[in-house]
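# Structural overview for review
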Amino acid sequence: MSEISRKGVEDVQDTSAASEEQLSAMEEMMASAQYLATLAEDLQKEMGRFKL
């Protein structure tokens, strides 16, 4: 029974580590998206200065 329990604990730890990595990647993507949105907004403001 202890071998089964040990394997179960290892699987839970692996799943937890994978979840943490996914969360970290999602946070990085969110930060990048926010940065790009800010750049797009700044670009729109600068383009507004030009009149055709």
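Whatever comes next refers back to the structure up there.
Along each chain, numbering runs from 1 in the same order as the chain's sequence is written. Given that the model is predicted, a residue must reach a pLDDT of at least 70 before its local features are reported, and side-chain atom pairs must reach 80 or more before they are shown or counted; all residues, however, enter totals for whole chains, interfaces and linings. Note that water and hydrogens are dropped before the side-chain values are worked out from all heavy atoms of the structure.

## Observations concerning the overall build of the protein
A tally of helices and strands in the protein yields one helix and zero strands. Against the globule reference of 10 Å for 52 residues, the protein gives a C-alpha radius of gyration of 23 Å, more extended than a compact globule. Projecting the C-alpha coordinates of the protein onto the three principal axes gives extents of approximately 80 × 10 × 5 Å. Note on areas: Shrake-Rupley with a 1.4 Å probe; residue coverage comes only from the protein chains shown. Approximately 5,100 Å² of the protein is accessible, and the part contributed by carbon and sulfur atoms is 62%. The positive count covers Lys and Arg only, the negative count covers Asp and Glu only, and His and the chain ends enter neither. A charged residue contributes its charge at one atom only: NZ of Lys, CZ of Arg, CG of Asp or CD of Glu. Across the protein, 5 positive and 11 negative side-chain charges occur, with their mean positions spaced 13 Å apart. In DSSP terms, a helix is any run of H or I states spanning at least four residues, a strand is any run of E spanning at least two, and both are numbered starting from the N terminus. Restricting the calculation to C-alpha atoms gives the radius of gyration, and the globule rule supplies 2.2 Å times the number of residues raised to the power 0.38.

## Some details on the pattern of salt bridges
We define a salt bridge as a side-chain nitrogen of Lys or Arg found within 4 Å of a carboxyl oxygen belonging to Asp or Glu. Taken as a whole and judged by the stated rule, the model has five salt bridges. Between Asp11 and Lys7 there is a salt bridge; the shortest N-O distance is 3.3 Å. Here the residue Asp11 and the residue Lys7 both occupy positions in helix H1 (residues 2-47), the gap between them amounting to four residues, near one helical turn. Type-normalised accessible area, obtained with a 1.4 Å probe on protein chains alone, sets the label of each residue: buried when under 20%, exposed when over 50%, and partly exposed for intermediate values. For Asp11, a relative accessible area of 37% gives the class partly exposed. When the shortest N-O distance is used, the salt bridge between Arg49 and Glu46 registers 2.7 Å. By relative accessible area, Arg49 is classed as exposed at 63%. In the salt-bridge network here, residues are joined through shared partners; they are Glu3, Arg6 and Glu10.

## Let's talk about a nonpolar patch on the surface
A contiguous nonpolar surface patch, about 330 Å² in accessible area, is contributed by Tyr35, Leu36 and Leu39. Among the secondary structure elements, Leu36 is positioned in helix H1. Owing to a relative accessible area of 54%, Leu36 belongs among the exposed residues under this scheme. A patch consists of residues exposed above 30% relative accessible area that lack any salt bridge, with like charges linked at up to 9 Å and nonpolar side chains (Val, Leu, Ile, Met, Phe, Trp, Tyr) linked at up to 5 Å.

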